[in-house]
Amino acid sequence: MHRPIAPVAYDCVKLIFVRHGSAILLSEFGEKPVTAGDVVALGANTLCGSEPEDSITVTTLYLDRDYVVDQVFWQHAALLADRLDAQDLADELYSEPAQILHLGEDRSGMLMPWLDEMVALSVDGPSPKKFYRLQALLFAVLDVITPYVRTTDARRTPTQRRAMLPGLPLCRHFSPLRTEVRTSVELLRSGPEQRWTLQELATAVHLSPSQLGRLFVDAYGKTPMTYLSTLRAERLARLLRETDLPVEAAMRQVGWYSRGHAARMFRQAVGVTPNRYRQLSRQRTKP
């Protein structure tokens with residue numbers, strides 16, 4: 001790359017390996033220089049841009065967020081009850097969404113053959129035949145760089161159910177998120193209790209409902225209303241675990257005003273009814 005790149009955000013975790021040259025990186029860490037031997041770790045939806053100093057050559061790995069959460073779950077399976085708990089742990093462990101890892105040229109040099117092979121295996125898209133080799137190469141790379149990643153101390157206890165219905169696998173190309181999509185997600189996350197409709201959300205970001213729906217599915221693999229239901233289920237689960245609110249009051253607090261509808265949506269997301277979920281969580285916290 002020879003030209004500046006304006007700050008963009010991607011709906012995935014990015015690992016950028018600097019192979020040659022240098023640049024000034026612009027992100028949540030401010031303005032920082034990067035050079036050969038550095039690795040830039042960016043959390044999902046983290047804005048980042050760069051200004052090359054003459055030129056810079058990089059190789060970038062794009063990791064689906066759900067995939068990363070799954071790895072956190074298996075890595076800490078002794079402490080975690082299920083994937084919802086793993087999401088919370090990941091948010092606590094990796095609280096710095098933008099980091100520069102200074103591996104040095106010698107240590108990063110050993111990664112280059114693995115990265116080159118991963119690129120070669122990825123050119124034609126996902127393939128079941130290449131799956132295990134790609135996993136082996138990725139884990140070899142992560143084994144080298146994770147000691148350099150700054151984490152926040154967090155301690156978890158198993159307070160949730162131990163199984164969750166798996167979601168559909170996502171095979172899609174990662175692309176920069178449109179500003180309107182990022183804004184709509186921020187609106188939903190900041191106020192899931194509001195009685196959102198697709199029309200209201202689209203109006204708030206100055207798009208038509210069909211445009212917003214199409215862009216949102218391209219970016220997140222689900223519709224805005226499905227995304228909202230997932231947010232509400234996660235927050236309802238937390239209220240059921242951590243408070244003594246009556247179930248119906250907790251449902252209203254997250255934006256569900258019909259008990260039957262709320263129970264149905266929660267069960268689709270978590271696998272049990274809200275009452276059963278609270279019962280199970282309290283059984284596990286008893287001495």
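Residues numbered from 1 in each chain as written. Predicted model: local features only at pLDDT ≥ 70, side-chain atom pairs only at ≥ 80, totals over all residues. Heavy atoms only, no water.

### A short note on the overall build of the protein chain
Tallying secondary structure elements over the protein chain gives 12 helices and 6 strands in all. Evaluated residue by residue, the protein chain yields a buried proportion of 41% over its 287 residues. Within the protein chain, contacts between residues at least 6 apart in sequence are counted, and of these 71% link residues at least 24 apart. (Helix = DSSP H or I, 4+ residues; strand = E, 2+ residues; numbered from the N terminus. Buried < 20%, exposed > 50% of the residue type's maximum accessible area, 1.4 Å probe, protein only. Contact = heavy atoms within 4.5 Å.)

### Structural notes on the nonpolar core
If you look at the biggest cluster of nonpolar residues, it comprises 20 residues, and the most contacted ones within it are Phe17 and Leu61. Those elements giving two or more residues to this core turn out to be β2 (13-27), β4 (38-42), β5 (48-63), α4 (112-122) and α5 (131-145). Looking at which element gives the most residues to this core, the answer is α5, with 6 residues. What phenylalanine 17 contacts, discounting residues up to four positions off in sequence, is Asp38, Val39, Thr57, Val58, Thr59, Leu61, Leu111, Leu115, Val141 and Ile145. (Core = buried A, V, L, I, M, F, W, Y, C linked by side-chain atoms within 4.5 Å.)

### Quick word on the pairing of strand β6 (residues 98-102)
In terms of burial, β6 is largely enclosed, as 4 of its 5 residues are buried. Of the pairings in the sheet, the one linking β4 to β6 comprises 5 bridges and is antiparallel in character. Looking at β6, one finds that valine 39 is bridged to leucine 101. (Pairing = 2+ DSSP bridges.)

### Focus: the pairing of strand β3 (residues 30-35)
Sheet topology places β2 next to β3; 6 bridges connect them, and they run antiparallel. Following the sheet pairing, serine 22 is matched in β3 by threonine 35. In this antiparallel pair of consecutive strands, β2 and β3, the connection spans 2 residues.

### What to know about the layout of surface pockets
Looking at the second largest pocket, its volume works out to about 270 Å³. Considering the residues around the second largest pocket, the lining is formed by 21 residues, among which Met1, Ile5, Lys14, Ile16 and Ser50 are closest to the centre. For the lining of the second largest pocket, the elements supplying multiple residues, two or more each, are β1 (5-8), β2, β4 and β5. Of the residues assigned to the lining of the second largest pocket, the class counts are 16 nonpolar, 4 polar and 1 charged. (1 Å grid on protein atoms, 1.4 Å probe; cavity = no way out; pocket = protein on both sides within 12 Å on 5 of 7 lines; lining within 4 Å. Points joined across faces, edges and corners; volume = space filled by probe spheres on them. Nonpolar A, V, L, I, M, F, W, Y, C, P; charged D, E, K, R; others polar.)

### Topic: α5
A rise of 1.5 Å per residue sets the reference length of α5, with its 15 residues, at 21 Å; its end C-alpha atoms lie 21 Å apart and thus fit the reference within 8%. Taken together, the buried positions of α5 are occupied by Leu134, Gln135, Leu137, Leu138, Val141, Val144 and Ile145. Summarising the contacts, the buried residues of α5 are in contact with β2, β5, α1 (65-75), β6, α3 (105-109) and α4. (Expected span 1.5 Å × (residues − 1).)

### Comments concerning the packing of aromatic side chains
Applying the stated rule across the entire model yields 5 aromatic pairs. Ring geometry for phenylalanine 73 against tryptophan 74: centres 4.9 Å apart, planes inclined by 65 degrees, an arrangement best described as edge-to-face. Overall, phenylalanine 73 belongs to the buried group, its relative accessible area being 15%. Given the relative accessible area of 63%, tryptophan 74 is considered exposed. Their ring planes at 80 degrees and their centres at 5.5 Å tell us that phenylalanine 266 and tyrosine 277 sit as a pair that is edge-to-face. You can see phenylalanine 266 sitting in helix α11 (residues 259-270) and its partner tyrosine 277 sitting in helix α12 (residues 274-285), a full 11 residues away along the chain. Classification of tyrosine 277 as buried rests on a relative accessible area of 1%. When the ring centre of tyrosine 257 is taken as origin, the NZ or CZ atom of arginine 195, which lies over that ring, is 4.0 Å away. (Phe/Tyr/Trp six-rings, centres within 6.5 Å; stacked < 30°, edge-to-face > 60°. Lys NZ or Arg CZ within 6 Å of the ring centre and 35° of its normal.)

### Examining the pattern of salt bridges
For the structure on display, the rule yields 8 salt bridges. For arginine 65, the salt bridge goes to aspartate 11, with nearest N and O atoms at 2.8 Å. Here arginine 65 is found in helix α1, whereas its partner aspartate 11 is found in the loop between β1 and β2, with 54 residues between them in sequence. Note that glutamate 117 and arginine 133 form a salt bridge whose closest N and O atoms lie 2.9 Å from each other. Remark: arginine 133 occurs in helix α5 and glutamate 117 occurs in helix α4; sequence separation between them is 16 residues. (Salt bridge = Lys/Arg side-chain N within 4 Å of Asp/Glu carboxyl O.)

Everything listed here is a matter of geometry and, on its own, says nothing about what the molecule does.
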